[in-house]
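What the coordinates show
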Amino acid sequence: MKKKLQSLWDMKTIVLILKNNMASFLTGEALFAQHEFEQLVMQFCDENKDRISPQDGEAAKNDVDFFLKQIDLAIEHTQKEGSSG
């Protein structure tokens, strides 16, 4: 459980960094960050199929803040699982 929670917190940190990099005026940096972001969204969706619909997964690829909310929900759910189990 702690490993899953740490993984989610790490992912959130990376997404926040990528969000900043996607706003870069350097095209290459912004494109690389966008690609990495999309890879993280796909990884998250694969690991959380029971918590995120395919439609929300597609929406997350285009909206960093929406994706951050999905990560927060997963963190909250994982914490609740840990406290009840």
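As a convention, each chain's residues are numbered from 1 in the sequence order in which they are written. Reporting in this predicted model follows two pLDDT cut-offs: at least 70 for local features of residues, and 80 or more for side-chain atom pairs to be given and counted; totals over whole chains, interfaces and linings ignore these cut-offs and use all residues. Note that water and hydrogens are dropped before the side-chain values are worked out from all heavy atoms of the structure.

So, on to the environment of leucine 5. Segments assigned H or I by DSSP are reported as helices when at least four residues long, segments assigned E as strands when at least two residues long, and all are numbered from the N terminus. Within the fold, leucine 5 resides in helix α1 (residues 2-22). Residues leucine 5 and glutamate 76, spaced 71 residues apart in sequence, show a C-alpha to C-alpha distance of 9.2 Å. Whether two residues are in contact is decided by their heavy atoms: any pair within 4.5 Å suffices. When near neighbours in sequence (up to four residues on either side) are disregarded, leucine 5 contacts Ile75, Thr78 and Gln79.

Turning next to the nonpolar core. The nonpolar side chains of a soluble globular protein tend to be buried with one another. In plain words, nonpolar cores are sets of buried Ala, Val, Leu, Ile, Met, Phe, Trp, Tyr and Cys residues tied together by side-chain atoms within 4.5 Å. Here the term buried applies to any residue with accessible area under 20% of the maximum for its type, exposed to any over 50%, and partly exposed to those in between, with areas from a 1.4 Å probe on protein chains only. Formed by 20 residues in total, the largest nonpolar core has its most connected members in Met11, Val15, Phe37, Phe44, Phe67 and Ile71. With sequence-adjacent residues up to four places away left out, phenylalanine 67 is seen in contact with Met11, Val15, Phe37, Leu40, Val41, Phe44 and Ala60.

Here we come to the packing of α1 against helix α2 (residues 27-47). Fitted lines through C-alpha atoms serve as axes, helices being fitted only where they are in contact, and the angles separating the N-to-C directions of these axes extend from 0 to 180 degrees. Packing of α1 against α2 brings their axes to within 9 Å, and their N-to-C directions diverge by 155°. When the axis of α1 is compared with that of α2, the two are roughly antiparallel. Relative to α2, the crossing made by α1 is left-handed. Contacts from Lys4, Leu8, Met11, Ile14, Val15, Leu18, Asn21 and Met22 of α1 reach α2 at Glu29, Ala30, Ala33, Gln34, Glu36, Phe37, Leu40, Gln43, Phe44 and Glu47. Its residues assigned to classes, the contact of α1 with α2 comprises 11 nonpolar, 3 polar and 4 charged. Put simply, angles under 35 degrees are roughly parallel, angles over 145 are roughly antiparallel, angles from 65 to 115 are roughly perpendicular, and the rest are oblique. Throughout, a crossing is termed right-handed when the near helix is turned clockwise from the far one, and left-handed when it is turned anticlockwise from it by less than a right angle. Ten residues, namely Ala, Val, Leu, Ile, Met, Phe, Trp, Tyr, Cys and Pro, are considered nonpolar, four, namely Asp, Glu, Lys and Arg, are considered charged, and the remaining ones, Gly among them, are considered polar.

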